[in-house]
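Chains, contacts and geometry: an overview
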Amino acid sequence: MIALQFQFLLVPFLTSAMGAAQYLMQDAALMNYLDRRFLSLEKRLEKCNQDILDYVEEFRDFSKMALSRLAGLNTHKAEVKNEVENLLARIEQAQRDIDYFGSVRDSNTCIGVHEDLVKQQLSEAAEEKKKLKSMLNASCDQMLAGIKSLKIVKKTEDKHGSWMKDPGKKHTKIYLLNGSVNNVILEFANIMTFMESNHTLKAHRIPLPFPWEGTGHIIYQGFLFYHRYGSLNEIIKFNIQRRNITDQMLLPGAGRIPVYQLSPSTKIDLAIDEQGLWAIHAEPETEGNIVITKINHKTMAVEHTWDTSCNSKGAEAAFMICNTLYVVYNFPSGGTSRIRCVYDILETVNTHEIPVLHFPKLQGSHCTIHYNPKEKQLFAWHDGSQIIYKLHTRQKV
């Protein structure tokens, strides 16, 4: 009986032991499987790292090869450039030789052609001058003889800017344009309001759709004419009262270099005199000499262009009076401004006999000088001060 009871007890125990052994075997198999998977992942990571190292090494080799070939190309480029320059020099020499032998062989014929050509050129120049006189008001016969006095109207302390009246309007409004890049005009009722210490509080702000560049803008007959910032040579015509752009133009040849060496922010300087709107600029082709262009302010079309003998080196500003350009020069460190180059487009003034004209009293430099033909005065911006210069004029000889 006892043996039978023991047998009944032993059977569940063995069954439980066999089940535990089976679970242990399953766990061991799972651990073995996980271990193999981890080993496989480690091998793949090692291979990936090795591939990356190989790619980096290949890229380094490729970079070295590319740099070496680029250096060779630069050397080859320099050699080709030298060969082309030598070839051009030989062609020019050959052309000069051909011209020389041709002139020796046909000297008599060439002299005749040359004389005819000179006569034709003189005739064309006389006709061109006649057309210019008819286009411009030749009766404007006043020229600058001296600068009588100055009046410091305001000190805004801004290094660059422009201020002016509209000579084409009867109102007494003053316009202030701060900075060499900006898009807001400050309009004042009169000069007394402008002179007040809190002048900006009483100013009427006029926003522009595009900012200006430099300080060479001008206001004439209700329009602001200015060089558009970011463009090479685009001039905008902006209606101040209606707050919109009415026209624009591209000024050929302008905008590549500053018009004045000492005012590098200004590439195009617009001016007004008794004849209307002018553009003053410089071109690399003229070796830095100043160019003046007559613009029809109504149609925004170029009417005529003149290459002057006035150089932009050492220049700080310029203005027009009665068809005549006056260029103001100074020292890079600042000093006494003086007019020492004059160009009359109608050649009614012997510019070589005009003495150097000095601006009175002030030491420093101008960034803007504009002539007001209505008041016969200069409106200037001098080291943060807004100045009016009164002029002494005489009749052209």
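Everything here concerns the structure above.
Overview of the structure. Every chain is numbered independently, its residues counted from 1 as its sequence is written. Only residues with pLDDT of at least 70 are given local features in this predicted model, and only at 80 or more are side-chain atom pairs given and counted; all residues enter the totals for whole chains, interfaces and linings. As a convention, hydrogens and water are excluded, and side-chain values are obtained from all of the structure's heavy atoms.

**A word on empty space enclosed by the protein**
In plain terms, the rule: Only protein atoms enter the 1 Å grid used here. Points where a 1.4 Å probe fits but cannot escape make up a cavity, open sets with protein on both sides within 12 Å along at least five of seven lines make up a pocket, and a residue lines them when an atom lies within 4 Å of a point. Grid points are joined across faces, edges and corners, and a volume is the space filled by probe spheres set on the points. For the purposes of this entry, the term helix denotes a DSSP run of H or I that reaches at least four residues, the term strand denotes a run of E that reaches at least two, and both are numbered from the N terminus. Any residue that is not Ala, Val, Leu, Ile, Met, Phe, Trp, Tyr, Cys, Pro, Asp, Glu, Lys or Arg is counted as polar, Gly included; the first ten are nonpolar and the last four charged.
Overall, the coordinates contain 2 cavities of 30 Å³ or more when judged by the stated rule. Volume-wise, the largest cavity comes out at about 50 Å³. The wall of the largest cavity is formed by Met-164, Lys-165, Pro-167, Ile-218, His-370, Tyr-371, Asn-372 and Phe-379. When residues in the lining of the largest cavity are grouped by element, the largest group, 3 residues, is from strand β18 (residues 366-372). Residue composition of the lining of the largest cavity, by class: 5 nonpolar, 2 polar and 1 charged. If you add up the space inside the second largest cavity, you get close to 40 Å³. As for the second largest cavity, its lining consists of Thr-215, Gly-216, Tyr-260, Thr-266, Asp-269, Glu-316, Ala-317, Cys-367, Thr-368 and Ile-369. Elements supplying a minimum of two residues to the lining of the second largest cavity: β14 (315-321) and β18. At 3 residues, β18 tops the list of elements feeding residues into the lining of the second largest cavity. Residues that form the lining of the second largest cavity fall into these classes: 4 nonpolar, 4 polar and 2 charged.

**A look at the packing of aromatic side chains**
Short version of the rule: Stacked, edge-to-face and tilted are the three classes for Phe, Tyr and Trp ring pairs, Trp counted by its six-membered ring, which pair at centre distances within 6.5 Å; planes under 30 degrees apart are stacked, over 60 edge-to-face, the rest tilted. Note on exposure labels: buried denotes an accessible area under 20% of the residue type's maximum, exposed denotes more than 50%, and partly exposed covers the range between, all computed with a 1.4 Å probe on protein chains only.
Under the criterion given, the structure shown has 7 aromatic pairs. Considering the side-chain rings of Trp-163 and Phe-194, the 5.5 Å spacing of their centres and the 15° angle between planes classify their relative orientation as stacked. Linking Trp-163 in strand β2 (residues 161-164) with Phe-194 in helix α3 (residues 191-195), this pair joins segments that are 31 residues apart in sequence. Since its relative accessible area comes to 0%, Phe-194 is described here as buried. Ring centres of Trp-278 and Trp-306 lie 5.8 Å apart, and the angle between their planes is 45°; this geometry places the pair in the tilted category. Separated by 28 residues along the polypeptide, Trp-278 in strand β11 (residues 276-282) and Trp-306 in strand β13 (residues 301-311) bring together distant segments of the chain. In terms of burial, Trp-278 and Trp-306 fall into one category: buried. One aromatic cluster is present, formed by Trp-163, Phe-188, Phe-194 and Phe-379 through successive ring pairs.

**A look at the sheet that holds strand β1 (residues 142-155)**
To be explicit about the condition: For two strands to be treated as a pair, DSSP must find no fewer than two bridges joining them. An axis is simply a line fitted to the C-alpha atoms; with a helix, the fit covers only the stretch in contact. Between two such axes, the angle follows the N-to-C directions and lies from 0 to 180 degrees.
Spatially, β1-β20-β19-β18 is the arrangement adopted by the 4 strands of the open sheet, whose pairing is antiparallel. In this open sheet, the two edge strands, each paired with only one partner strand, are β1 and β18. In this sheet, neighbouring strand axes are inclined to one another by 20° on average, regardless of whether the strands run parallel or antiparallel.

**Points about the sheet that holds β11**
A sheet is described by the order of its strands in space; here 4 strands give the open sequence β10-β11-β12-β13, paired in antiparallel fashion. The sheet terminates laterally at β10 (269-273) and β13, the two strands that pair on one side only. When the angles between neighbouring strand axes are averaged without regard to direction, this sheet yields 25°. As paired strands, β10 and β11 are joined by 5 bridges and run antiparallel to one another. Paired with Leu-270 across the two strands is Ala-279, which belongs to β11.

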